[in-house]
Every structure is written in C-alpha cells, then in structure tokens.
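Here is what each chain is made of, one letter per residue.
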Amino acid sequence: VQLQASGGGLVQAGGSLRLSCAASGSIFSINAMGWYRQAPGKQRELVAAITSGGSTNYADSVKGRFTISRDNAKNTVYLQMNSLKPEDTAVYYCNADSRATMKGPLVNYWGQGTQVTVSS
C-alpha cells in the first residue's frame, strides 16, 4: 500500500491549506486514517485521526482550526487547516491501517510527508 500526500506549501499566518492523502495498492479495507506532524527537533505527534465510520479526534492544539475528513470510495483522507500559526510549521505525514484481504492482518502504513511552512 502506498500513501501519497499532497497539498503542503508556504502560507502566511492566518491562512489556510488543505492536505490530501490517497492510498493505493492492495487494499481490501482501510480502518483508521490520520495525520501526524514533526517539527524540527521535536517528536512526531498526532494531529488528527478519523475512523472508517467517521469518528474523529484532534490534538488540543488544532481543535477548532483543523478538520479531518475522508472519502472511503477514493481511499483518501483530507486535512483542512485554517487559521494557521507559525507553530503549525512541520512535515505532515499521513497514516493508515489497512487490510489486503478480508481476513488478512491489519498493517500500518506511512506516507512520505509534505512540508507545511507558516510564516509570521
């Protein structure tokens, strides 16, 4: 399974960006999908996650500003980021738990990362 992330870039504080991550390959089903980020010198942290049923959870630092969603038919997860702050600057990674067959194991996959830079 490959996760292809896109949508990062440079934006001024207060601006918006929308990240997308499409999963492809041997996919029977995808359970949870999510976005993580890693800033220089810091550990990778969960930003937001969404289950196959649409339940979501967010890091406290992004609640009210970021919205995660998914299109199950397209095996794609999105992250709408509004009111961006310089402290949101990081490499954003998508993540997914997927099965290749109905009874196969659940495997965790990571995308390649996309840079988000918020200038003050």
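The rules behind these values
Residues numbered from 1 in each chain as written. Predicted model: local features only at pLDDT ≥ 70, side-chain atom pairs only at ≥ 80, totals over all residues. Heavy atoms only, no water. Helix = DSSP H or I, 4+ residues; strand = E, 2+ residues; numbered from the N terminus. Rg over C-alpha atoms; globule rule 2.2 N^0.38 Å. Buried < 20%, exposed > 50% of the residue type's maximum accessible area, 1.4 Å probe, protein only. Contact = heavy atoms within 4.5 Å. Areas by Shrake-Rupley, 256 points an atom, 1.4 Å probe, with all protein chains shown as cover. Lys, Arg positive; Asp, Glu negative; His and termini not counted. Charge placed at Lys NZ, Arg CZ, Asp CG, Glu CD. Core = buried A, V, L, I, M, F, W, Y, C linked by side-chain atoms within 4.5 Å. Pairing = 2+ DSSP bridges. Axes fitted to C-alpha atoms, helices over the stretch in contact; angles between N-to-C directions.

### A short note on the overall build of the protein chain
Then, in step 1: For the protein chain, the helix and strand inventory stands at zero helices and 11 strands.
Then, in step 2: Reading the protein chain from its N end, one meets helices and strands in the order β-β-β-β-β-β-β-β-β-β-β.
Then, in step 3: Its C-alpha atoms give the protein chain a radius of gyration of 14 Å, within 12% of the compact-globule value 14 Å for 120 residues.
Then, in step 4: Out of the 120 residues belonging to the protein chain, those deemed buried represent 38%.
Then, in step 5: Of all intrachain contacts in the protein chain linking residues separated by at least 6 positions in sequence, the fraction that spans at least 24 positions is 55%.
Then, in step 6: Surface exposure of the protein chain reaches about 6,300 Å², of which carbon and sulfur atoms provide 48%.
Then, in step 7: Within the protein chain, the 6 negative side-chain charges are centred at a point lying 5 Å from the centre of the 11 positive side-chain charges.

### Considerations on the nonpolar core
Then, in step 1: Core analysis: the biggest nonpolar cluster contains 28 residues, and Trp-35, Val-47, Phe-66, Leu-79, Met-81 and Tyr-92 have the highest contact counts within it.
Then, in step 2: What Tyr-92 contacts, discounting residues up to four positions off in sequence, is Leu-19, Trp-35, Tyr-36, Arg-37, Val-47, Phe-66, Leu-79, Met-81, Gly-113, Thr-114 and Val-116.

### Let's talk about the sheet that holds strand E3 (residues 17–24)
Then, in step 1: Taken in spatial order, the four strands of this open sheet run E1-E3-E8-E7, and their pairing is antiparallel. The two strands at the open ends of the sheet, each matched to only one other strand, are strand E1 (2–6) and strand E7 (66–71). With strand direction ignored, the average angle separating the axes of adjacent strands in the sheet is 15 degrees.
Then, in step 2: In this sheet, strand E8 (residues 76–81) lies alongside E3 in antiparallel orientation, the contact comprising six bridges.

### Here's the deal with unusual backbone geometry
Then, in step 1: At Asn-75, a residue that is not glycine, the phi angle is positive and equals roughly 50 degrees.
Then, in step 2: Relative to the elements of secondary structure, Asn-75 occurs in the loop between E7 and E8.
Then, in step 3: Residues other than glycine seldom take positive phi values, yet Ser-83 does so here, at roughly 50 degrees.
Then, in step 4: As for its placement among the helices and strands, Ser-83 is situated in the loop between E8 and strand E9 (90–99).
Then, in step 5: Ser-83 gets classed as partly exposed once you look at its relative accessible area, which sits at 41%.

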